[in-house]
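Chain and residue survey
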Amino acid sequence: MLQAIFTAFFGLAAIWFAVVVFRTHSMVRSALALLFSQAAIGGMFLAMQTEFLGVLQIMMMATEMAIMTIFMVMYMMDPGGLGAMEMTHQKRASQVAGALGALAALAVAFFTSWGPITPEVRPAQQVHDLGIEIMERSMLIFETAGVTILTVMVAATAIAIMRRDEE
Amino acid sequence: MTTLILALAVGAVLFGIGLYGALSQTNLVMILMGVEVMLGGAMVNLVAFWRFLHPEAYSGQMFVLIVMTVMALEMAVGFSIATGRFRAKGSVEMEEAQDLKG
């Protein structure tokens, strides 16, 4: 029961802040709202006894959104939102697409028979078992992710500093 | 069962909000935010499936780790494109980015 209450609380917070991301005119507020939304998702992970991923999510998103705020202030034409610029297009079509996507996913969630539910997990055992999974069966996937991160770092830097003809 | 459905519902709503954001925003950084919200919804679903249906299979948590990596990489690539675009055109408004349009 307590688990359901906390999951619902953090879930509502995640949804509310996700809505604020696209409603506010201030870019800093928008980035902070996304940070809180992602942190609330981390809170949901913790409520669902997934301690390692919950802490990782909160830590990762805190740094990621801090960087994002800097980029938004750098690149937006009206970062403070005082000019109340219109920065949306095809609003009606987007609303319909978003509503349809959410409704389809909700229908799957509510009308599928999910089978037996496991009431308890062993939190103390989790990090150990996840470590074994990463270092044994999923080793290749984990290594591939590492190499991909390195490749993206190099590629992203190359794109950002690419010399153009007019320079 | 209640908590599983609850988590799946939150994931579904987050996906819808993210989809709306990714489609409706004109600024590249805001589009990236929409994608982040969608991936957040996907992660909630993955964790709920792992916790309530197959807690013995840790590949479920591994999948979440991969999605987190994808989120970080998407941000890195998105910001590098934004930086390149800003240096070239002085704006990251996607309505102006029609150079490749036939």
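Here we summarise the structure given alongside this text. (Residues numbered from 1 in each chain as written. Chains lettered and ligands numbered in written order. Predicted model: local features only at pLDDT ≥ 70, side-chain atom pairs only at ≥ 80, totals over all residues.)

1. Examining the overall build of chain B
Helix and strand counts for chain B come out as three helices and zero strands. When the elements of chain B are put in sequence order from the N terminus, they spell out α-α-α. Along the three orthogonal principal directions, the C-alpha set of chain B runs to about 50 × 25 × 20 Å. Looking at the 102 residues of chain B, the share that counts as buried comes to 60%. Restricting the contact set of chain B to residue pairs at least 6 apart, pairs at least 24 apart contribute 55%. (Helix = DSSP H or I, 4+ residues; strand = E, 2+ residues; numbered from the N terminus. Buried ≥ 20, exposed ≤ 12 C-beta atoms within 10 Å, placed from the backbone. Contact = placed C-beta atoms within 7 Å.)

2. Re unusual backbone geometry
Residues and elements named next belong to chain A. Positive phi is not limited to glycine here, since Gln49 has a value of about 60°. Inspection of the secondary structure puts Gln49 in the loop between α2 (27–47) and α3 (51–75). With phi around 35°, Gln90 is a residue other than glycine that occupies positive phi space. Take Gln90: it is sitting in the loop between α3 and α4 (91–111).

3. Examining the environment of A:Leu32
Residue and element names in this part refer to chain A. Summarising the element assignment, Leu32 is placed in helix α2. On the basis of neighbour count, Leu32 is assigned to the partly exposed category, with 19 C-beta atoms found within 10 Å. Residues Leu32 and Phe17, spaced 15 residues apart in sequence, show a C-alpha to C-alpha distance of 8.8 Å.

4. Here's the deal with helix α1 (residues 2–23) of chain A
Residues that lie three or four places apart on an α-helix share one face, since the helix turns once every 3.6 residues. With 22 residues, α1(A) should cover 32 Å at 1.5 Å per step; its first-to-last C-alpha distance of 32 Å lies within 8% of that length. Listed as buried for α1(A) are A:Thr7, A:Phe10, A:Gly11, A:Ala14, A:Ile15, A:Phe17, A:Ala18, A:Val21 and A:Phe22. (Expected span 1.5 Å × (residues − 1).)

5. So, the nonpolar core
The tendency in soluble globular proteins is for nonpolar side chains to be buried side by side. With 71 residues, the main nonpolar core has A:Ala14, A:Met44, B:Val10, B:Leu14, B:Val29 and B:Val47 as its most contacted residues. Put simply, the parts of the chain that give this core at least two residues each are α1, α2, α3 and α4 of chain A together with α1 (2–24), α2 (28–52) and α3 (59–89) of chain B. Take this core: its biggest share by element is 16 residues, from α2(B). Contact partners of B:Val29, with chain neighbours within four places excluded, come to A:Phe71, A:Met72, A:Tyr75, B:Ala82 and B:Val92. (Core = buried A, V, L, I, M, F, W, Y, C linked by C-beta atoms within 7 Å.)

6. Some remarks on α3(A)
Counted at 1.5 Å a residue, the expected span for α3(A) with its 25 residues is 36 Å, and the 36 Å between its end C-alpha atoms agrees. For α3(A), the set of buried residues is A:Leu53, A:Gly54, A:Gln57, A:Met61, A:Glu64, A:Met65, A:Met68, A:Phe71, A:Met72 and A:Tyr75.

7. A word on the environment of A:Leu2
Assignment of secondary structure puts A:Leu2 in helix α1. Taking C-alpha positions, A:Leu2 is 8.8 Å from A:Ala47, a pair spaced 45 residues apart along the chain.

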